[in-house]
2 protein chains.
Amino acid sequence: MKEYLKKHEWQIIEEGFDPHYNKISESIFSIGNGRMGQRANFEEDYSGETLRGSYVAGVYYPDKTRVGWWKNGYPEYFAKVLNAPNWIGIHVSIEGQKLDLAKCKVENFTRVLDMKLGLLSRRFVATLADGKKVSVEASRFCSMARGEVGAIRYAITPVNFSGKATLSLYVDADVVNTDSNYDEKFWEEIYKDASEGSAIVTAQTKKTHFHVTTGMRYVVESEGKPVKLDRINLETREKFAANVIQFDLTEGKETVVYKYGAVLSSENHEKDKLVSACVKVLNDAVATGFDKLFAEHVKIWAHKWEECDITINGDVAAQQGIRFNIFQLTQTYTGEDERLNIGPKGFTGEKYGGVTYWDTEAYCLPFFLSTAEPKVARNLLVYRYKHLPKAIDNAKKLGFKDGAAFYPFVTMNGEECHNEWEITFEEVHRTSAMAYAMRDYVDYNGDEAYFTEFGLEVLIGISRFWSQRVNWSKDKNKYVMLGVTGPNEYENNVNNNWYTNYLAAWTLKFTKRAIDYVKKNDAKRFTEIVSKTNFNESDEVAKWNDIIDNMYFPADASRGVFLQQDGFLDKELLTVNDLTKADRPINQKWSWDRILRSCFIKQADVLQGIFLFEDDFDIDTIKRNFDFYEPMTVHESSLSPCVHVILASKLGYEKLAYEMYLRTARLDLDDYNNDTEDGCHITSMAGTWMSLVKGFGGMRVREGKLHFTPFIPSQWTSYSFRIEFRGRVLKVNVSKAGAETVLESGEALEIIMNGKAVVLK
Amino acid sequence: MKEYLKKHEWQIIEEGFDPHYNKISESIFSIGNGRMGQRANFEEDYSGETLRGSYVAGVYYPDKTRVGWWKNGYPEYFAKVLNAPNWIGIHVSIEGQKLDLAKCKVENFTRVLDMKLGLLSRRFVATLADGKKVSVEASRFCSMARGEVGAIRYAITPVNFSGKATLSLYVDADVVNTDSNYDEKFWEEIYKDASEGSAIVTAQTKKTHFHVTTGMRYVVESEGKPVKLDRINLETREKFAANVIQFDLTEGKETVVYKYGAVLSSENHEKDKLVSACVKVLNDAVATGFDKLFAEHVKIWAHKWEECDITINGDVAAQQGIRFNIFQLTQTYTGEDERLNIGPKGFTGEKYGGVTYWDTEAYCLPFFLSTAEPKVARNLLVYRYKHLPKAIDNAKKLGFKDGAAFYPFVTMNGEECHNEWEITFEEVHRTSAMAYAMRDYVDYNGDEAYFTEFGLEVLIGISRFWSQRVNWSKDKNKYVMLGVTGPNEYENNVNNNWYTNYLAAWTLKFTKRAIDYVKKNDAKRFTEIVSKTNFNESDEVAKWNDIIDNMYFPADASRGVFLQQDGFLDKELLTVNDLTKADRPINQKWSWDRILRSCFIKQADVLQGIFLFEDDFDIDTIKRNFDFYEPMTVHESSLSPCVHVILASKLGYEKLAYEMYLRTARLDLDDYNNDTEDGCHITSMAGTWMSLVKGFGGMRVREGKLHFTPFIPSQWTSYSFRIEFRGRVLKVNVSKAGAETVLESGEALEIIMNGKAVVLK
């Protein structure tokens, strides 16, 4: 755990330059706009430790899989969103000396991420080898208004001299991924051009042949007036184009270089029109100018904050933490493009390849449901609808049939990318994440018509999977599910994981609800779906009913708890308190078999199930299970604590809820797990949001109505959160004195506050 | 399945050259002498499909591990016996045209492995591009008498011309492994020299720094007289040294090149004396000459065949098959060096890295016990004794303590090399292979003193492992063993694998027997062992007794069978007859999860346990378990059928026993599994031997006495096998008329034939 960042309500602030923290800061200070994203690398060269990262949404490479021992059914490739061409780069030389913060004295260094404005800025004074001091102020943003535009203001002031500055303003597609299985480069050049005032490179990804055109233009000013350039040299080499410019610096006088970047991909343009489109985007940006571009951008951020801000009074660290999470989520996914999804690290790093996991449905969807217009969450569902044919192929490849759909554990285009058998083939619960995400969406927005348009086809496919994945046990006289891994990945290849069995049975029921809805509301469309999916309603539903009625759920009657899986009680039942410091985290200290044999839980799947289907269980059952499993849970997944916060809040374990919350809220800011340098835990940030809103705030939707049962942690004086709900914006204020809910916009609404109906106007 | 080889009692014969079979033949026709081995590659260049392979026992490289997803506790490297410097190579040019069987017309091709003589020979007539025909006869052997010597007789006869032959006689350490995780070369040059008449290269393995010196000398003769050479050019390049010689060929006249190879390693010589030792070995070989070297070699083979031959009358294919298995086993391991062991492919290929598996103890040891002097099997045990400290380290690394010993699944020097968690960490039964191998050795030879010298230390370590690997289940009120993989690798991470639980409890009992023996027979040594191992006899044995008395064994009372593991009866219980042809082999046709969920068995572990501890079970129990599990067994391990042959023989299922036997006996000769090109299944060949001797012959040792209950498959007229037993050589002859046993050498012996005592004199 590190605490080198200053606390501030709206800003993340790093003061003083410590190269050891640079890669961590590069992650934390990342900026993006849903279309593209950029780690907080320096514009100028830096020869110290750095992880350069520019990312373009949807542009990926199918890197050849690396496995130790091949298992039948493994995918051939692992898709990864790539480190994309660099648009921010400026080589800076002052009087022939290269500016490189790893090689000169650095003073007054500050790096600030202003979350309200979506702006990254940095300032420092560098002393070069010959004693010349130069002051730099650099700021940049990825425009929320123009998804293909980034802009940089790079201001240089010589402190103790006058002389020549030489800047190479470039775009560079000769970039590498740190995460490459066979040390390949993934980009090849298609086009490059350096003209006076601009440079453009089009590169394509190998194999997938995405084209990305990266361009830049620039303006040099001093005191608001154009600066005369001594010379402009055009430079190109393989995958690289630049303007090298030289101009005079005058002691004490600021010269400002505005660099406008454009990043366009063939996902949004025809390949042969990319260059002309790029030129236009650049020209428009230059014509608009930095200040106006920034103003457009800030306006959108202001609107976003109005939709989703959370305030916490009495605890600046908590305030900063929650806003950081909201900021990162919001700039990672804007919901405008149904082909996109949310990588575990967003645009902040390469790890996990930027691909889609069930994190999206289980953790991110609730955030976007409550903080953005309905189409944002809907697009996340449509993304999976479009992958349905691939999910059916995937199931077929593994031996399932008749239209069974098995969604991949990790994917970019709908095809499976993961290759650990115990996860790829066995962590089957993820396929039903598509179902409960649909339930959440439909129930939150009252949009059951989604079943008709898209949902039912998906549900039929998933239900078919479950009906084939279970088998009848003559021994138990029940349906059983063998060989699975639950969300608690510290158990592999178990039989009858309670969570998975419950989810399977629930999915079958939920599918029946969707069938009933579609039949009743659009008989023609139902017939169409029956025909398209070759659905034999009577036989298939009869089988589903049989499974629903006869599914086996492992339980311990004497303790009154559900069992994670068959045989769980054969373990030595310890608690986390029995572990020494030397044992933690067990995923670093213990061999894998020891972890598997132990009772310790990475992420409690029984509790995950209770959280998802809370209203199916009485409070005593919830309490017994929580009291049994919580003490065994080591929370070695960043996705674990939020579920415990929410259940602990419900059970009145306020102290525990708050302690758990702290583990998630500043996970990256304080580099809790020593891994922020790889990127931020974007998807788990949505869990932090849920912890506060569903945990402390007690927000639920039941039968179309919002419910709240708020409490306030004793460390805080008050907090508030804003949510969107069916055309309204609500603000919930919670203080020691109690909670009040304000309808900020939209029609009157009845909500249930602490069990009592209240009408908001 | 292929049947391109001619059947013959003592020879393997390939007639006609089909390049498609070349890699298969290279495996099958391999020769070795326990110290070194050589695939049946051509001496001259061959540009077609070939897997070049020369191997030096004990010389390995720790190739950097390749895994998809790292698990805590994985080893960093996978040791592999390397493709070693080439000593057989001769580039041949006839009148300036390179001889390459891939590029000329080949007639009268024959390749013969004479198993009686240990000789590989080959003849052919090649027509070169310009129509010149040349007849070649090449034969070679790896001397059984001189472990560092190989000799080649390469005879050239021009058929329709006279002209010049140019031969480059070389040694070459610039060789590669096909099996290399990161495409590295593993050898680097230390020394090279080409002098008139000889060439020597010393190369060392990277990282492990084994030195191997490979040298050659040669003699060229015609009609028994030296041939005058036109010229001798000396050639060296990186890791390569040669003599290029030219001489005249006369139409119809044979010129013979004798190439003598020497392969010496730093395992047997001081590094700085390798070259001089090599010179001496070569000089001695040249002085002895090919014919005398060959005579020495044949004499040893004759003696070996006297010890271990099996004859089968009435079935040449079966006769050839069993002799091939015996031949390969015998030339792979001679038992002279306790540092060596038996790789799954012996010296016939790279696959499985030439490293040691539990195959040695479970399958090979019984063969060497019965066919070689006692020290051979003993050295296999001592090999593991010497690895005991590493086995203790290995256990410690995985969280065990106090001297628990966990033998690796795959090893070269005692360190674990395998990295599939479900095997590396979970296929724990292999650690007790060291115990039952010890039992087999002690009981066969009556050498209980082995406990005192080596055995007890090993047994204490293993027993400590088991006592920590089990845990007490409050739920079952029994000791359980969680998270294991049995020999049936089509189940992973199961609880209470019957075989493993049985083996663990048996090991504890067996350790007590060893303790009693050592205490009684050598109290001083016992005290020494107690002190060395820090053995707390009373506490530890008390704990072991508790485990022995309270171990849980899964069983199905209604069927009267043991269960492979907990939950086995939840599966859909099918038989192999329910599978279609399209399903087989399931390890190629089904996804891994489907295999795991199914009831199908790769290698039946319950039956393996019954085979090992046969006398613990009554015949009805054996029958019920065999009848239950045999129909589910797909035998997709080459180690599987032999156990079924032995049990089927015992149960009187003679037809089934014979069918199973056929699957193993000619596995490589007929390339049954389409994988012989990778090398021969050396360790499973010992299973074939067991099938015949313990299966058909019914050989057992009980209380120091040999028992036999022979039957003869109806397809054979008679068969016989020879075994060594406590200083005697016995020959058992079985015909339709009955069985008789002849004492070929040694003192009188009482044996039990079909339940009746017979004294042999």
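Residues numbered from 1 in each chain as written. Chains lettered and ligands numbered in written order. Predicted model: local features only at pLDDT ≥ 70, side-chain atom pairs only at ≥ 80, totals over all residues. Heavy atoms only, no water.

A. Up close: the relation of the copies chain B and chain A. Overlay of chain B on chain A (RMSD 0.1 Å): rotation 180°, translation along the axis 0.0 Å. Put plainly, the chains are arranged around a two-fold axis. Among all C-alpha atoms of chain B, that of Val-67 of chain B lies closest to the rotation axis, at 2.4 Å. With an isologous cut-off of 70% or more, the 100% of interface residues of chain B that recur at the interface of chain A puts this contact in the isologous class. (Least-squares fit on C-alpha atoms with pLDDT ≥ 70 in both. Contact = heavy atoms within 4.5 Å.)

B. Examining the pattern of salt bridges more closely. If you walk through the whole model with that rule in mind, you get 118 salt bridges over all chains. Where Asp-174 of chain B meets Lys-239 of chain B, a salt bridge forms, and the shortest distance between an N and an O atom there is 3.6 Å. With a gap of 65 residues between them, Asp-174 of chain B in the loop between strand 14 (163-172) and strand 15 (187-195) and Lys-239 of chain B in the loop between strand 19 (231-237) and strand 20 (240-249) connect regions that are remote in the sequence. Owing to a relative accessible area of 32%, Asp-174 of chain B belongs among the partly exposed residues under this scheme. Three or more residues joined by partner-sharing salt bridges are found here, namely Glu-614, Asp-615, Lys-650, Arg-700 and Arg-702 of chain A. (Salt bridge = Lys/Arg side-chain N within 4 Å of Asp/Glu carboxyl O. Helix = DSSP H or I, 4+ residues; strand = E, 2+ residues; numbered from the N terminus. Buried < 20%, exposed > 50% of the residue type's maximum accessible area, 1.4 Å probe, protein only.)

C. Expanded view of the sheet that holds strand 9 (residues 97-98) of chain A. Read across the sheet, five strands follow the order 9-8-14-20-19 (chain A) without closing on themselves; strand pairing throughout is antiparallel. If you trace the sheet from one side to the other, it starts and ends with strand 9 and strand 19 (231-237) of chain A, each paired once. (Pairing = 2+ DSSP bridges.)

D. Structural view of unusual backbone geometry. The omega angle of the peptide bond from Arg-584 of chain A to Pro-585 of chain A is -15°, so this bond is cis rather than trans. Residues other than glycine seldom take positive phi values, yet Asp-183 of chain B does so here, at roughly 50°. With respect to the element layout, Asp-183 of chain B can be found in the loop between strand 14 and strand 15. If you check the backbone angles, Asn-493 of chain B has positive phi at about 55° while not being a glycine. Tracing the backbone shows Asn-493 of chain B in the loop between strand 24 (478-480) and helix 11 (498-521).

E. A look at the packing of aromatic side chains. Tallied over the full model, the rule gives 121 aromatic pairs over all chains. Taking 5.5 Å as the distance between ring centres and 15° as the angle between the ring planes, the aromatic pair formed by Trp-421 of chain A and Trp-421 of chain B counts as stacked. Of this pair, Trp-421 of chain A sits in helix 8 (residues 421-424) while Trp-421 of chain B sits in helix 8 (residues 421-424), each in a different chain. Between Phe-465 of chain A and Trp-466 of chain A the ring centres are 5.2 Å apart and the planes differ by 65°, which places this aromatic pair in the edge-to-face class. The class for Phe-465 of chain A is buried, based on a relative accessible area of 0%. Members of the aromatic cluster, connected to one another through ring pairs, are Phe-451, Trp-498, Tyr-502, Trp-506, Phe-510, Tyr-517, Phe-553, Phe-562, Phe-613 and Phe-617 of chain A. Stacked on the ring of Phe-161 of chain B, the Lys or Arg Lys-132 of chain B has its end atom at 5.8 Å from the ring centre. The ring of Tyr-552 of chain B has Lys-476 of chain B lying over it, and the distance from NZ or CZ to the ring centre is 4.9 Å. (Phe/Tyr/Trp six-rings, centres within 6.5 Å; stacked < 30°, edge-to-face > 60°. Lys NZ or Arg CZ within 6 Å of the ring centre and 35° of its normal.)

F. Here's a closer look at empty space enclosed by the protein. Applying the stated criterion across every chain yields a total of 14 cavities of 30 Å³ or more. Size it by volume and the largest cavity reaches roughly 190 Å³. If you trace the largest cavity, you find 18 residues lining it, with Trp-69, Tyr-74 and Asn-419 of chain A together with Tyr-74 and Asn-419 of chain B closest to the centre. Taken together, the residues that form the lining of the largest cavity break down as eight nonpolar, four polar and six charged. (1 Å grid on protein atoms, 1.4 Å probe; cavity = no way out; pocket = protein on both sides within 12 Å on 5 of 7 lines; lining within 4 Å. Points joined across faces, edges and corners; volume = space filled by probe spheres on them. Nonpolar A, V, L, I, M, F, W, Y, C, P; charged D, E, K, R; others polar.)

G. Structural context of helix 20 (residues 682-696) of chain A. Residue and element names in this part refer to chain A. For helix 20, with 15 residues, the first-to-last C-alpha span of 21 Å sits near the 21 Å given by 1.5 Å per residue. The sharpest bend along helix 20 measures roughly 30° and falls at Met-690. A large share of helix 20 lies buried, amounting to 15 of its 15 residues. At the C-terminal side of helix 20, Gly-698 shows a positive phi close to 65°. (Expected span 1.5 Å × (residues − 1). Bend = angle between axes of the 7 residues up to and from the residue.)

H. Representation of the side chain of Ser-598 of chain B. Residue and element names in this part refer to chain B. For Ser-598, the location among the structural elements is in the loop between helix 15 (592-597) and helix 16 (605-612). Given a relative accessible area of 10%, Ser-598 falls into the buried group. A polar side-chain atom of Ser-598 sits 3.1 Å from the main-chain amide nitrogen of Phe-600. Those residues in contact with Ser-598 that sit more than four places away from it in its chain are Glu-491, Lys-571 and Trp-590. (Polar contact = N/O pair within 3.5 Å; in protein donor to acceptor, adjacent residues only side chain to side chain.)

I. Here's a closer look at the environment of Trp-87 of chain B. All names here are of chain B. Looking at the element boundaries, Trp-87 is found in the loop between strand 7 (77-81) and strand 8 (90-94). On the basis of relative accessibility, which here comes to 1%, the residue Trp-87 falls in the buried class. In the structure, Trp-87 is positioned 18 residues away from Lys-105 in sequence and 27 Å away in space, judged by C-alpha atoms.

J. Here's a closer look at the interface of chain B and chain A. Between chain B and chain A, the contact holds 47 residues from the first and 47 residues from the second. Summing both partners gives a buried area of about 3800 Å² for chain B against chain A, and 50% of it is carried by carbon and sulfur. The largest share of the area that chain B buries against chain A comes from Trp-69, Asp-570 and Arg-597 of chain B, three residues that together contribute 20% of it. Inspection of the chain B/chain A interface yields six salt bridges. For the salt bridge of Glu-422 of chain B with Lys-71 of chain A, the shortest nitrogen-to-oxygen distance reads 3.0 Å. Of all the secondary-structure elements, those providing two or more residues to the side of chain B that touches chain A are helix 8, strand 23 (471-473), helix 14 (586-589) and helix 15 of chain B. In terms of residue count, the dominant contributor to the side of chain B that touches chain A is helix 15 of chain B (five residues). (Buried area = accessible area lost by both parts, 1.4 Å probe.)

K. Spotlight on the environment of Asp-593 of chain A. Counting through the fold element by element, Asp-593 of chain A comes out in helix 15 (residues 592-597). The class for Asp-593 of chain A is buried, based on a relative accessible area of 0%. In sequence terms Asp-593 of chain A and Tyr-490 of chain A are 103 residues apart; their C-alpha atoms lie 9.3 Å from each other. If we skip the residues at most four places from it in the chain, Asp-593 of chain A touches Phe-425 and Glu-426 of chain B.

L. A look at the nonpolar core. With 478 residues, the main nonpolar core has Leu-99 and Leu-692 of chain A together with Leu-99 and Leu-692 of chain B as its most contacted residues. Filtering out sequence-adjacent residues up to four positions away, Leu-99 of chain B remains in contact with Glu-44, Asp-45, Val-92, Cys-104, Phe-124, Ala-126, Leu-128, Val-134, Val-136 and Tyr-154 of chain B. (Core = buried A, V, L, I, M, F, W, Y, C linked by side-chain atoms within 4.5 Å.)

M. Here's a closer look at the side chain of Arg-122 of chain B. Residues and elements named next belong to chain B. By the secondary structure assignment, Arg-122 is in strand 11 (residues 119-127). Of the polar contacts made by the side chain of Arg-122, one reaches the side chain of Glu-43; its length is 2.7 Å. The residues contacting Arg-122, other than those within four sequence positions of it, are Phe-42, Glu-43, Glu-44, Leu-101, Phe-109, Thr-110, Arg-111, Val-136, Glu-137, Ala-138 and Tyr-154.

N. Representation of the pairing of strand 7 of chain B within the structure. Residue and element names in this part refer to chain B. Within strand 7, five of the five residues are buried, which leaves the element mostly enclosed by the surrounding structure. Alternating positions in strand 7 separate into two faces, Tyr-77, Ala-79 and Val-81 on one and Phe-78 and Lys-80 on the other, with burial throughout. Relative to strand 7, strand 6 (residues 60-64) runs antiparallel, the two being bridged by five bridges. The residue of strand 7 that forms the bridge with Tyr-60 is Val-81.

O. Representation of the packing of helix 4 (residues 316-332) of chain B against helix 20 (residues 682-696) of chain B. Residues and elements named next belong to chain B. Taken N-terminus to C-terminus, the directions of helix 4 and helix 20 make an angle of 130°; their axes are 9 Å apart at the nearest point. Comparing their axes, helix 20 and helix 4 come out oblique. Helix-helix and strand crossings are classified by hand; for helix 4 and helix 20 the assignment is left-handed. Contacts from Ile-322, Phe-324, Asn-325, Ile-326, Gln-328, Leu-329 and Thr-332 of helix 4 reach helix 20 at Ile-682, Met-685, Ala-686, Thr-688, Trp-689 and Leu-692. (Axes fitted to C-alpha atoms, helices over the stretch in contact; angles between N-to-C directions. Parallel < 35°, antiparallel > 145°, perpendicular 65-115°, else oblique. Left-handed = near helix turned anticlockwise from the far one by under 90°.)

P. Expanded view of the sheet that holds strand 28 (residues 705-708) of chain A. Residue and element names in this part refer to chain A. The four strands lie next to each other as 27-28-32-33, forming an open sheet whose pairing is mixed. This sheet does not close on itself; its edge strands, each paired only once, are strand 27 (700-702) and strand 33 (756-760). When the angles between neighbouring strand axes are averaged without regard to direction, this sheet yields 35°. Strand direction decides the pairing type here: strand 27 and strand 28, joined by three bridges, are antiparallel. Among the inter-strand pairings, Arg-702 is bridged to a residue of strand 28, identified as Lys-705.

Q. Inspection of the packing of helix 11 of chain B against helix 13 (residues 537-550) of chain B at higher detail. Residue and element names in this part refer to chain B. Closest axis-to-axis distance for the helix 11/helix 13 pair is 9 Å, and the angle between their directions is 145°. Once helix 11 is placed against helix 13, the crossing between them reads as left-handed. From helix 11, Ala-505, Leu-508, Lys-509, Thr-511, Lys-512, Ile-515 and Lys-519 reach across to helix 13, where they touch Glu-537, Val-541, Trp-544, Asn-545, Ile-547 and Ile-548. Residues belonging to the contact of helix 11 with helix 13 are distributed by class as follows: seven nonpolar, two polar and four charged.

R. The arrangement of the state of the cysteines in detail. Applying the stated criterion across every chain yields a total of zero disulfides over all chains. Lacking any disulfide linkage, Cys-278 of chain A is separated from the closest cysteine sulfur, that of Cys-142 of chain A, by 15 Å. A relative accessible area of 0% places Cys-278 of chain A in the buried class. Its sulfur unpaired, Cys-642 of chain B is 10 Å from the next cysteine sulfur, which belongs to Cys-364 of chain B. (Disulfide = S-S within 2.5 Å.)

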